Amino acid sequence: MQSSNHRLRDMEQHHPLLSAGADVEAGSLGAGVMVGGPHAGHTAGNRTLWFIQDSCGMVCATMTWFLVLYAEFVVNFVMLLPAKNFWYSLLNGATFNSLAVLALASHMRTMLTDPGAVPKGNATKEYMESLQLKPGEVIYKCPKCCSIKPERAHHCSLAVMDHHCPWVNNCVGEKNQRFFVLFTMYIALISAHALGLSGMHFFTCIKVQWNECSDFSPGVSVLLLIFLCLEAILFLTFTAVMFGTQIHSICNDETEIERLKNEKPTWERHMRWDGMKAVFGGPPSLLWCNPFTGLRLRRLLLLSHGRRGGSEFSV
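Please read all numbers here as calculations on a predicted model, not as lab measurements.

**What about the overall build of the protein chain?**
When helices and strands are counted, the protein chain shows eleven helices and five strands. Relative to its 315 residues, the protein chain shows a buried fraction of 45%. Pairs at least 24 residues apart make up 73% of the contacts formed inside the protein chain by residues separated by at least 6 positions. For the protein chain, the accessible surface area stands at approximately 16,300 Å², while carbon and sulfur atoms represent 63% of it.

**Let's talk about the nonpolar core**
By size, the foremost hydrophobic cluster in this structure holds 40 residues, and its most contacted members are Val74, Val75, Met79, Phe180, Ile187, Leu228 and Phe280. Where this core is concerned, the elements lending two or more residues are helix H3 (55–80), helix H4 (86–112), helix H6 (177–207), helix H7 (210–213), helix H8 (218–251) and helix H10 (273–280). Val74 has contacts with Met79, Leu224, Leu225 and Leu228, leaving out every residue within four places of it along the chain.

**Digging into the state of the cysteines**
Considering all chains together, one arrives at one disulfide under this definition. Across the disulfide, Cys205 is cross-linked to Cys213 (sulfur-sulfur distance 1.9 Å). Taking the torsion about the sulfur-sulfur bond, which here is approximately 125 degrees, the covalent link between Cys205 and Cys213 counts as right-handed.

**Focus on the UniProt feature "transmembrane region" (unreviewed entry) in the protein chain**
Listed under "transmembrane region" (unreviewed entry) in the UniProt record, and renumbered for this structure, are residues 56–80, 86–105, 179–202 and 222–243. Helix makes up 100% of residues 56–80 and strand 0%, whereas the separation of the span's terminal C-alpha atoms amounts to 35 Å. The distance separating the terminal C-alpha atoms of residues 86–105 is 28 Å; by composition the span is 100% helix and 0% strand.

**A word on unusual backbone geometry**
Of note in the backbone geometry, Asn169 takes a positive phi value of approximately 50 degrees without being a glycine. Here Asn169 lies in the loop between strand S4 (163–165) and strand S5 (170–172). Taking relative accessible area as the criterion, Asn169 reaches 1% and is therefore assigned buried.

**Thoughts on the side chain of Gln177**
Assignment of secondary structure puts Gln177 in helix H6. Overall, Gln177 belongs to the buried group, its relative accessible area being 9%. Only 2.9 Å separates the side chain of Gln177 from the side chain of Gln246, close enough to count as a polar contact.

**A word on the environment of Asp54**
Residue position: Asp54 is located in the loop between helix H2 (24–35) and H3. Sequence separation of Asp54 and Asn169 is 115 residues, and the distance between their C-alpha atoms is 7.3 Å.

**Some points on the packing of H4 against H6**
Where H4 contacts H6, the axes come no closer than 8 Å and their chain directions differ by 150 degrees. As far as their axial angle goes, H6 and H4 are roughly antiparallel. Remark: the crossing between H4 and H6 carries left-handed chirality. Where H4 approaches H6, its residues Tyr88, Asn92, Thr95, Phe96, Leu99, Ala100, Leu102, Ala103, Ser106, His107, Arg109 and Thr110 are matched on the opposing element by Phe179, Phe180, Leu182, Phe183, Tyr186, Ile187, Leu189, Ile190, His193, Ala194, Leu197 and Met200. Among the residues making up the contact of H4 with H6, the classes are represented as 17 nonpolar, six polar and one charged.

**Brief notes about the packing of aromatic side chains**
Across all of its chains, the model carries six aromatic pairs by this definition. Relative to Trp87, the ring of Phe86 lies with its centre 5.3 Å away and its plane at 75 degrees, an arrangement referred to as edge-to-face. An identical accessibility class is assigned to Phe86 and Trp87; each is exposed. An aromatic cluster is present here, built from Phe73, Phe77 and Phe216 joined pairwise through their rings.

**Quick notes on the environment of Phe183**
With respect to the secondary-structure elements, Phe183 resides in helix H6. In the structure, Phe183 is positioned 80 residues away from Ala103 in sequence and 5.1 Å away in space, judged by C-alpha atoms. Those residues within four positions of Phe183 in sequence are excluded, and the remaining contacts are Thr64, Ala103, Ser106, His107 and Val168.

**Description of H10**
Those residues of H10 lying buried are Gly275, Met276, Val279 and Phe280. Summarising the axial view, the buried residues of H10 lie within an arc of 115 degrees, below the 170-degree limit, and thus occupy one face. Opposite the buried face of H10, by more than 90 degrees, sit the exposed residues Trp273 and Ala278. Phi turns positive, to about 85 degrees, at Gly281, one or two residues after H10.

What counts, and at which threshold
Residues numbered from 1 in each chain as written. Predicted model: local features only at pLDDT ≥ 70, side-chain atom pairs only at ≥ 80, totals over all residues. Heavy atoms only, no water. Helix = DSSP H or I, 4+ residues; strand = E, 2+ residues; numbered from the N terminus. Buried < 20%, exposed > 50% of the residue type's maximum accessible area, 1.4 Å probe, protein only. Contact = heavy atoms within 4.5 Å. Areas by Shrake-Rupley, 256 points an atom, 1.4 Å probe, with all protein chains shown as cover. Core = buried A, V, L, I, M, F, W, Y, C linked by side-chain atoms within 4.5 Å. Disulfide = S-S within 2.5 Å. UniProt positions renumbered as here; feature names shortened; annotations may be inferred. Polar contact = N/O pair within 3.5 Å; in protein donor to acceptor, adjacent residues only side chain to side chain. Axes fitted to C-alpha atoms, helices over the stretch in contact; angles between N-to-C directions. Parallel < 35°, antiparallel > 145°, perpendicular 65-115°, else oblique. Left-handed = near helix turned anticlockwise from the far one by under 90°. Nonpolar A, V, L, I, M, F, W, Y, C, P; charged D, E, K, R; others polar. Phe/Tyr/Trp six-rings, centres within 6.5 Å; stacked < 30°, edge-to-face > 60°. Arc of directions from axis to C-beta.

This is how it looks when you write it as structure tokens:
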């Protein structure tokens, strides 16, 4: 598939992105997206909802929701509602539940947002001739997807892919990285808050009888609190590290795959605040922390009614 105006190279021959022993994120993309099966994407033309139907990812995403809801149950019903101080319960309850809602909303936006997939099967002679490429300009295609590979794209044709995260059942790319950053931030905050509340509850219950500081029996309360503390420590460590690496990648305009592969940049980099503005949109404001920005509920409902199945995800 060559002409005098351009040369088409196979991606795997000249820019191997999924060679043996490649990074975990790239391998996860191949397993996570392609195993999904039925249509897992949306475009303006198809009006379908983006959703990766990968069993492992769906289990991990369900576990994420279960663990957050479990933390809400323990915080609200074991620690805050039985507390004698009304304002202590009200302020901490409002703060924790608000952060939990923002965390789950960020998770949903990350999971249901197209991370930046490019059209499949567009590496045709007619389409490439329509691009009016300059003489000697080289473009690449993926032989598996039969798609033109944009700069910084990774199989399967995901532009500016950062990594694949099973906990959100999606890849993290240029179009949903903002929501993933918010998800890690809010999970880290509610984990730290839960640890603080657990410490206060243990300290309070040691000074009085356990029956007076909880509606549950002492044994059940201790077990619930211990499991909550273990969950909070694990989630706080993981999400804090992920949040830090994501901010570092954004400020350096470098994805995790590019960092792990130590790829030299061939693109014009956006540094520091320019990178943050590109990901979060516009100058710094409170809207950066709002996962509901740009969400149109009516359009989402219309897209959910337009879902349909198939043999592969469509982009």
